[in-house]
Amino acid sequence: MWRTVAGTPRLSVHSFGAAIDLNVRMSAYWKWEGYAEGQRGIRHRNQIPAALVNIFERHG
């Protein structure tokens, strides 16, 4: 069964197998940072190494 992102009506990308959490200590999730759903101006602060991101993207 598909689930929603906690506190929102949106379906979680994890539900479709299109997202995984690798190391939450190195990521900056908008909800944990206190931002509101749909808020603009959220700074990207992910610390996952770009090389690792590129590997995942290359392999779809």
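As a reminder, the structure under discussion sits directly above these lines.
These notes cover the structure that comes with them.

Quick notes on the rules
- Residues numbered from 1 in each chain as written.
- Predicted model: local features only at pLDDT ≥ 70, side-chain atom pairs only at ≥ 80, totals over all residues.
- Heavy atoms only, no water.
- Helix = DSSP H or I, 4+ residues; strand = E, 2+ residues; numbered from the N terminus.
- Buried < 20%, exposed > 50% of the residue type's maximum accessible area, 1.4 Å probe, protein only.
- Contact = heavy atoms within 4.5 Å.
- Lys, Arg positive; Asp, Glu negative; His and termini not counted.
- Charge placed at Lys NZ, Arg CZ, Asp CG, Glu CD.
- Polar contact = N/O pair within 3.5 Å; in protein donor to acceptor, adjacent residues only side chain to side chain.
- Phe/Tyr/Trp six-rings, centres within 6.5 Å; stacked < 30°, edge-to-face > 60°.
- Patch = residues over 30% accessible without salt bridge, like charges linked within 9 Å, V, L, I, M, F, W, Y side chains within 5 Å.
- Areas by Shrake-Rupley, 256 points an atom, 1.4 Å probe, with all protein chains shown as cover.
- Salt bridge = Lys/Arg side-chain N within 4 Å of Asp/Glu carboxyl O.

With that settled, the discussion passes to the overall build of the protein. Regarding its fold elements, the protein presents one helix and zero strands. Taking the principal axes of its C-alpha atoms as reference, the protein extends roughly 30 × 30 × 20 Å. The proportion of buried residues among the 60 residues of the protein is 8%. Within the protein, contacts between residues separated by at least 24 positions form 24% of all contacts whose residues are at least 6 apart in sequence. Taken as two groups, the 8 positive and 4 negative side-chain charges of the protein have centres that lie 2 Å from each other.

Our next topic: the side chain of Thr8. Positionally, Thr8 belongs in the segment before helix H1 (50-58). Taking relative accessible area as the criterion, Thr8 reaches 9% and is therefore assigned buried. From its side chain, Thr8 meets the backbone nitrogen of Arg10 in a polar contact 3.3 Å long.

In the structure shown here, the tally under the stated rule is one aromatic pair. For the ring pair Trp2 and Phe16, a centre distance of 5.0 Å and an interplane angle of 35° mean the geometry is tilted. Remark: Phe16 occurs in the segment before H1 and Trp2 occurs in the segment before H1; sequence separation between them is 14 residues. Among the residues examined, Phe16 registers a relative accessible area of 45% and is labelled partly exposed.

For the rest of this paragraph, the subject is a nonpolar patch on the surface. There is a patch of nonpolar side chains on the surface, built from Ile20, Leu22, Leu52, Ile55 and Phe56 and spanning about 440 Å² of accessible area. When you line up the elements, Ile55 lands in helix H1. Among the residues examined, Ile55 registers a relative accessible area of 39% and is labelled partly exposed.

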